[in-house]
Every structure is written in C-alpha cells, then in structure tokens.
Amino acid sequence: MKFDTPATVNPIDQLKIVGQPVSRIDGLLKTTGTAPYAYERHDVVQRPAYGYVVGSAIAKGRIRHIDLAAARRAPGVLTIVTAETAGKLGQGKMNTAPLLAGPEVAHYHQAVALVVAETFEQARAAAQLVRVDYARAAGAYDLADAKGSAQPPESINGDAPDTAIGDFEGAFAAAPVQVDGTYTTPDQSHAMMEPHATLAAWKDDQLTVWTSNQMIAWGQRELAATLNIPKDKVRLVSPFIGGGFGGKLFLRADALLAALGARAARRPVKVALQRPLMANNTTHRPATIQRVRIGAELDGRITAIGHESWSGDLPGGSADGAVDQTRRLYAGAHRMTRTRLAVLDLPEANAMRAPGEATGHMALEVAMDELAERLQMDPVELRIRNDTQVVPDNGKKDQSRNGPQPERPYSRRELVQCLRTGAERFGWNQRDARPGQRREGRWLLGLGVAAAYRGAPVTKSAARVRLDAQGLLTVETDMTDIGTGSYTIIAQTAAEMMGVPLNQVRVRLGDSDFPVSAGSGGQWGAASSTAGVYAACVKLREAVARQLEMDPAVAQFADGHVQAGERRVPLAQAAGAAGLTGEDTIEFGVLDKKTQQSTFGAHFVEVAVDAYTAEIRVRRMLAVCAAGRILNPKSARSQVIGAMTMGVGGALMEELAVDTRLGFFVNHDLAGYEVPVHADIPHQEVVFLDEVDPLASPLKAKGVGELGICGVSAAIANAIHNATGVRVRDYPITLDKLLAEMALGTTARSAA
C-alpha cells in the first residue's frame, strides 16, 4: 500500500479501541518475570555455555601479544575467541570501529577476547587470567582541545551540515538586542536496565541469535556482513528488550562474540556485556560545544539566529545534529547553522534518545530565555511571537545564493497552543520575572519553560495478519518493543481494523522471520509499524469479503462479524478451517516531501534551590505535546514521563567523565554514572492536544517518545536561573557551579 494521499475517514476513526488508554497486553509477562529476555531464554537451546568479554585496557594502539595459556587451563574453559582465531571478519555499515579488536585497538574496552566456559563464574575467573601486551599510541580525547581541527561532516540526518539564509552576520550586528552564548553538554550513557545480551546457536550453517536489539533487519544484515555469510543464514529474535534509547539500534559486540563463541565451542553460548563495559564498549551520546547567537528587534521579533555545534567521534563517525531544531523552530529572516566534527579516540558516539535535538534544545532554549530576559519580555510570549507556519530553513546548503526558496508548510504545527495550554495549566502567571524573588524558608523557587521540537519521520513497514477458525487474529511483524508499548498499539490497530475485541488478538514481534517493519528508533516506530499493520488488515478485510462474496468497499467489520447489507457472518466462519491471511507493506511517498512533518511541545518546570547549599529539587513538571493522534494515551504518557525523567538527568546529573590522559570514561557503571531515581522525580503531568494529522499516516498519528525529552533540560536550567539569578551554561548543573555566584549574589543583596 502506498500512502501518497491524505488519510480520509477509515475504520481507525471509530476509536473504539485505538485512542483508548489500554493497559499493556504484555504487562502480565513483565510483572511476573516471565517475559523472555535474551539472556534468560531457557526454552530454546540445551546446555548453553557462557562467554565473558575481555575489554581493551588501552584507548588506542596495538596488541603485541595475547597470552592465553593460563586461561585455557582454567577449570571449565571450552574455548577462547580472539581476532586471530575468529577468522576473517567483515564490518557492517553501521559500526564505526570493528567489534573485535586485533591487532589494532580503536578505543578503550573494545573487545579483545571472549572466554567461553561451562559456567559464567568459570568464564569470568578465566578471563582474569588473559594477559595482553599492548603498544599504546597517543590519542585525542578532549573535545575542547580538538575543536580547532574539527571539519564539516558529510551530512546531518541527510541534510547539509551548514546552512545560510540571508545575511546573518550583518543582521546580528545590527540587531538592537543580542544574545551570544556558548553552552556545553557532556558525553552521556544510555544506562538502560538490560545490558547488551545475546544467546547464539548454530545448526549446521544456520545461525540463530536471541538478542536485545531495536532494529531486527539492520541487525540481521550487519551480523551477516560481519561474519561474511549470506543474510538468509542469520535469524535474529528479539521479542522483549529491557530498554535501548538508541544504544541497541546497531549490532554490538555481544551478538558477534556470542556467534563466534558458539561456532568455536560447538555449543550455544550466552554473552552479556558486564556493566563496566557498557559505557566504553558500546555507543554513547557525544559531548557538544555549542554557540548560539540571536538578534532581535525591541518588540522581540527575531531578525538573526545562528547556531554552531562541535562534537567528536572516531574516524569515519558522525556528528551530533544539535543544530537541527534551530533550523525549524523559530522564524527569522537571516539564519546560519554550522556543524563541525572532531576526530576523537573515545568510544563510538552515536544515537541516543532524540539525537541532536536533545542536546540542541539544551542550548537554544536557554538562549531564548536569555533573550527574553534582555528584552524584559515573558519567555512564553517571546516564543509565540516568533512562531512560523512554514519551514524557515530547509536544511540545504547556502540557500541565500540560490534565490528565495519555495515555502514548505508544516503538516500540523500547534506550538502556540502547546505554550498557551501549558502556561494556563501550570500557573505560569505566578512567575516573577525578577530572579530570586520567590522563597519558602531556605528554598528559592523558580519557574522555567522551553519549547520542544522533534521531527516525525516515517519509514516503510510491513506486517502479516492471520485469521483462524476460532476468530483469533495473529499479527506478525519484526517490529520491536523496547518498553514503549508496541505490542499493545499494534494489537489495538488490528482489533479496530478487524472489528474484534482486544483479547482476540495475538501479537508476535521481534523476529527476522517476520515481515520487515520500521523497528524502534527515531520516533518513527509507532506511526510506521501501526501503518504497516493497517495495510495488512486492509488486505485481510478484502480476503474475508471475497471469501464471502461480499463487496469489500461496503463490508463492515464489528463485534467479531462482517456485514454487508442484511447479511452478517462471524469472522471465524469466514476464515474456515484453513484460515485467511493478509500481508502488506506501507510505503510512504510524496506527502512527507511536500510538507514538513514534525511534533511540537512545551515543557514547564518548577524547581527549588537551597539558598545555602545550592541543592536543587525539581518540584513540578508539565509537558504539553502535539503529536498527531495518540494511539494509546496510557502508554504514550509513560513514554513522555520517562523522557522527562531523562531530561532531569541530563540537566542535573548525567555526565560521562573523560580521563583525557588515557582516553576512557571513568564512571563506567551505575555507581558512578548518576541517573534520576524515584526520589528525584516530582509530580509529572502530561497533556496531549486533540490533534490528528492526515498527512502523517493512515492512522493520522505521529511518534511522541523523543519529543518528551526535547527542551526538558533547558526548562530546568531556566527555572534554576529564575530561582537564583545564576545562569549556568555548562551541563550538568551541579551545586558547585551555582555556589560561588549564589554567594556573591547573597553578599550583594545584603550590602544593598
């Protein structure tokens, strides 16, 4: 099915099941501990052995020699895999560095060996006996030091790294009100609950891996390419994933090493990356240095807006897209964005929830707050005044040289409504624009706001739907569920389309034997995968109607029956003993090229800061989201409050500390890498605007899971400034960055 015309009235619009706050259909499995996660599969193979990964102890250099003698003699050891014993390996398109080092080492904790033994404890003990002789080489580990040598990357998400419209420098210099700020964000870890884990087994030349991976088709292709075997010889199974946030989009060392270990041991092998390897062995969100310049008239209308960003990665890696939202969020005739990528010998930088926008909002939305302060204008009103219904920057290079560009409208843009709704719901009128004026005992109180933007991409997605003689529907697609509720919204879609109760639908996900779906990532999963199920159900509806010699155009599906005119037949009877199947792929065409499809939101935060210790407490949070039709308000709310929680971490605590001498992340476990816990999170409220977008998908829906983090950290930073009068531009905002200036402010107020 091609989606190349706007969606009209269709069965989804009944909203009997879609759009309802349905509890997760997989909830019982998760709450009873019976959901089959990769490392805990006890039902698929017999006598699995255990692998333990040895990570590189240097960040850059060569392996001179590996001494395995003592490890091989250790009790229970079956085999040891190294680059020398693994045979010739390829490399997938989505891995920046090889997943198995040797002889070259590209980054700290890059895998250098896998020890396979009868038990996990034996494998771990033997791994400590592996002796590696390294030749360490000099490397670059500090973004600030490498900034001067940074170069433009090839692209940012398919767009040009640099854009220019009008005369930014001239307009900025002429603007009566200016902001020119530099902001930094640190390296961050995904810190998901479930580590990267895989169980691998060979049967002759056929490999099956039960793994934790967000993108099944990508993983299958990349694993086959790395092992130099045909893709049809690899099966990936990943029905449940204990968190990913982008860290499990790509093939990682656990899957490759489990496959190599199983081949060498001639036994199924389990591999889970131990927690201390997670930060350095896998991917992370890269640190950024960002400069934002905004010039405005005295009435607040932006005349010039410029955003420059620097980030780093291994050779051949990609840049953080921190400038992306600046191209699309606010009006302004004269514009400039620049992105530079430095070569760093740190572990691979890559996607993490809302890559680009998550970091970019942390700078842009603080700069907007600073502009409002200089204008003595309400920050909500400033954002509303600079709203636009057409894309101000289409992401093409040097647009000013080619004359005026055709205006590209947004399919839907409800940013103003998000801001106004949020301001009313949050009690924004209680905010005192003068910092440090509201106080409860020793606590200074402040309110902050930030706008939110995230694209709404869609991608080709397929599904298969079967109807059996009992009237049960089974949906099969390789879509994954990373804790977001994919099982449930897919079941809701099929139930609505076929007119059956939700308990009559079975959903099977995360298997490369199933039709290829969108996968979970980029905020495209929900809208794309449900559209694929919609297309398959259209095929099944046609098959049912033909079987009963009804006109598919007039057949109605409801209450487990199909009806045309006066004739009403149970679906089970239509299916017959053999059952019926519908399979199709949704293909998105021109609509997302004619219009800009995006999601918008507004975040409001109240914080309290201890006047004496600078301890920060987030008190209230509100997110207002415009993201098309919300398929399941209950699970969508869970996604947004989870994203808001991650935004708290980004604002106040999350930071991978880099040892710039030796080139590794020092705090590479959950003891040293701090994330928010329940006690850190206050009352959270989420409001979804009643919006449908017929240009987005047949269900008129978009994604929402990444929108929820965009702007949160900036709203917190702005609230802290409102509480204290101190502007911190280097994340995370920790008390040591506040104390000195707060003390100076207290002294000044006392003197006054």
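Residues numbered from 1 in each chain as written. Predicted model: local features only at pLDDT ≥ 70, side-chain atom pairs only at ≥ 80, totals over all residues. Heavy atoms only, no water.

Chemist: Can you explain the overall build of the protein chain? Please cite residues and give values.
Modeler: Helices and strands together make up the secondary structure of the protein chain, namely 18 helices and 30 strands. Computed over C-alpha atoms, the radius of gyration of the protein chain comes to 27 Å, within 12% of the 27 Å expected from 2.2 N^0.38 for 752 residues, which places it in the range of a compact globule. Once the C-alpha set of the protein chain is aligned to its principal axes, its extents read approximately 85 × 80 × 55 Å. Out of the 752 residues belonging to the protein chain, those deemed buried represent 61%. Taking contacts inside the protein chain between residues at least 6 apart in sequence as the whole, the part at least 24 apart equals 81%. When the accessible area of the protein chain is evaluated, it comes to approximately 28600 Å², of which 50% is carbon and sulfur surface. Taken together, the 81 basic and 82 acidic charged side chains of the protein chain have centroids lying 2 Å from each other. (Helix = DSSP H or I, 4+ residues; strand = E, 2+ residues; numbered from the N terminus. Rg over C-alpha atoms; globule rule 2.2 N^0.38 Å. Buried < 20%, exposed > 50% of the residue type's maximum accessible area, 1.4 Å probe, protein only. Contact = heavy atoms within 4.5 Å. Areas by Shrake-Rupley, 256 points an atom, 1.4 Å probe, with all protein chains shown as cover. Lys, Arg positive; Asp, Glu negative; His and termini not counted. Charge placed at Lys NZ, Arg CZ, Asp CG, Glu CD.)

Chemist: Give me the lowdown on the UniProt feature "domain: Aldehyde oxidase/xanthine dehydrogenase a/b hammerhead" (unreviewed entry) in the protein chain, citing residues and values where you can.
Modeler: Under the UniProt annotation, "domain: Aldehyde oxidase/xanthine dehydrogenase a/b hammerhead" (unreviewed entry) lies at residues 32-138. The straight-line gap between the two end C-alpha atoms of residues 32-138 is 50 Å; of that span, 12% is helix and 32% is strand. (UniProt positions renumbered as here; feature names shortened; annotations may be inferred.)

Chemist: Quick rundown of the side chain of Glu365? Include the residues and the values.
Modeler: Residue placement: Glu365 occurs in helix H9 (residues 357-375). Looking at Glu365, the relative accessible area reads 0%, which means it is buried. Apart from the residues lying within four places of it in its own chain, the contact partners of Glu365 are Leu329, Tyr330, Arg383, Ala450, Ala451, Ala714 and Asn718.

Chemist: Help me get a handle on the packing of helix H16 (residues 633-652) against helix H17 (residues 712-724), residues and values and all.
Modeler: Packing of H16 against H17 leaves a shortest axis separation of 7 Å and a crossing angle of 55°. Taken together, H16 and H17 sit at an angle that is classed as oblique. Viewed along their axes, H16 and H17 form a crossing whose handedness is right-handed. Here Met644, Gly647, Val648, Gly650, Ala651 and Leu652 of H16 lie close against H17, whose contacting residues are Val712, Ser713, Ile716 and Ile720. Residues that form the contact of H16 with H17 fall into these classes: seven nonpolar, three polar and no charged. (Axes fitted to C-alpha atoms, helices over the stretch in contact; angles between N-to-C directions. Parallel < 35°, antiparallel > 145°, perpendicular 65-115°, else oblique. Left-handed = near helix turned anticlockwise from the far one by under 90°. Nonpolar A, V, L, I, M, F, W, Y, C, P; charged D, E, K, R; others polar.)

Chemist: Give me the pattern of salt bridges: which residues, what numbers.
Modeler: Tallying each qualifying case throughout the model produces 47 salt bridges. In this structure, Lys30 engages Asp26 in a salt bridge whose closest nitrogen and oxygen atoms are separated by 3.4 Å. Judged by relative accessible area, which is 2%, Asp26 ranks as buried. When the shortest N-O distance is used, the salt bridge between Asp610 and Arg442 registers 2.7 Å. Separated by 168 residues along the polypeptide, Asp610 in strand S26 (residues 598-610) and Arg442 in the loop between strand S17 (438-440) and strand S18 (443-455) bring together distant segments of the chain. Overall, Asp610 belongs to the buried group, its relative accessible area being 3%. Salt bridges here are not isolated pairs; linked through shared partners, they connect Arg464, Arg466, Glu476, Arg508 and Glu583. (Salt bridge = Lys/Arg side-chain N within 4 Å of Asp/Glu carboxyl O.)

Chemist: I'd love a proper account of the sheet that holds strand S23 (residues 561-564), names of residues and values included.
Modeler: Spatial strand order, S22-S23-S24: three strands in an open sheet with antiparallel pairing. The outermost strands of the open sheet, each flanked by one partner alone, are strand S22 (556-558) and strand S24 (567-570). Neighbour-to-neighbour, the strand axes of this sheet turn through a mean angle of 25°, independent of strand direction. Looking at chain direction, S22 and S23 are connected through three bridges and run antiparallel. Paired with Ala558 across the two strands is His561, which belongs to S23. (Pairing = 2+ DSSP bridges.)

Chemist: Describe in detail H9, supporting the description with residues and values.
Modeler: With 19 residues, H9 extends 26 Å between its outermost C-alpha atoms, agreeing within 8% with the 27 Å of an ideal straight helix rising 1.5 Å per residue. Most of H9 is tucked away, with 17 of its 19 residues classed as buried. Taken from the residues just after H9, Gln376 is the one with a positive phi, measuring 55°. (Expected span 1.5 Å × (residues − 1).)

Chemist: Just give me the short version of the packing of aromatic side chains, but keep the residues and values in it.
Modeler: This structure, assessed with the given rule, holds 13 aromatic pairs. Relative to Phe604, the ring of Phe426 has its centre 5.8 Å away and its plane inclined at 35°; by these criteria the two rings are tilted. Of this pair, Phe426 sits in helix H11 (residues 415-426) while Phe604 is found in strand S26, placing the two residues 178 residues apart along the sequence. This pair shows no difference in class: Phe426 is buried, exactly as Phe604 is. (Phe/Tyr/Trp six-rings, centres within 6.5 Å; stacked < 30°, edge-to-face > 60°.)

Chemist: Hey, could you go over H17 for me, with residue numbers and the actual values?
Modeler: The end-to-end C-alpha separation of H17 is 19 Å, in line with the 18 Å expected for 13 residues at 1.5 Å each. Where burial is concerned, most of H17 is hidden: 13 out of the 13 residues are buried. One or two residues past the end of H17 sits Gly725, with phi positive at roughly 80°.

Chemist: Which residues make up unusual backbone geometry, and what are the values?
Modeler: That bond from Gly102 to Pro103 is cis: its omega, -10°, falls within 30 degrees of zero. By the secondary structure assignment, Pro103 is in the loop between strand S4 (77-81) and strand S5 (104-105). Cis geometry marks the peptide bond from Tyr731 to Pro732, where omega comes out at -5°. Tracing the chain through its elements places Pro732 in the loop between H17 and helix H18 (735-751).

Chemist: Can you tell me about the sheet that holds S17, naming the residues and giving the values?
Modeler: The strand order across the open sheet formed by five strands is S17-S18-S26-S27-S30, and the pairing between neighbours is mixed. Because the sheet does not close on itself, it has two edges, and the strands there are S17 and strand S30 (683-688). Recorded for the sheet is a direction-independent mean angle of 25° between the axes of neighbouring strands. Across three bridges, the pairing between S17 and S18 is antiparallel. Note that in S18 the partner of Glu440 across the bridge is Trp443. Of the strands in this sheet, S26, strand S27 (616-626) and S30 are in contact with H16, which crosses S30 at around 130°.

Chemist: Can you explain the pairing of strand S12 (residues 234-237)? Please cite residues and give values.
Modeler: Here strand S11 (residues 206-211) runs beside S12; their pairing, made up of four bridges, is parallel. By the bridge assignment, Val209 is partnered in S12 with Leu236. Following the chain from S11 across helix H6 (residues 216-227) to the adjacent parallel S12, one finds a crossover that is right-handed. (Right-handed = clockwise from strand over helix to strand, strands pointing away.)

Chemist: Describe the state of the cysteines, naming the residues involved and giving the relevant values.
Modeler: In total, this model carries zero disulfides according to the counting rule given. With no disulfide of its own, Cys710 lies 10.0 Å from the sulfur of Cys625, the closest cysteine sulfur. (Disulfide = S-S within 2.5 Å.)

Chemist: Report on the packing of H6 against helix H7 (residues 253-265), specifying residues and quantitative values.
Modeler: Angle between the axes and distance between the axes are the two parameters that describe a pair of packed helices. Where H6 meets H7, the closest approach of the two axes is 10 Å, and the angle between their N-to-C directions is 50°. Put simply, H6 runs oblique to H7. Handedness of the crossing formed by H6 with H7: right-handed. In this structure, H6 uses Leu223, Thr226 and Leu227 to contact H7, whose residues at the interface are Ala255, Leu256, Ala259, Leu260 and Arg263. Classifying every residue of the contact of H6 with H7 by side-chain character gives six nonpolar, one polar and one charged.

Chemist: Describe the environment of Glu194, with residues and values.
Modeler: Position of Glu194 among the secondary structure elements: in the loop between strand S9 (177-185) and strand S10 (197-203). Ignoring sequence-local partners within four residues, the contact set of Glu194 consists of Tyr37, Ala38, Ser212, Ile241, Gly242, Lys248 and Met278. A distance of 2.7 Å separates a polar side-chain atom of Glu194 from the backbone nitrogen of Gly242. (Polar contact = N/O pair within 3.5 Å; in protein donor to acceptor, adjacent residues only side chain to side chain.)

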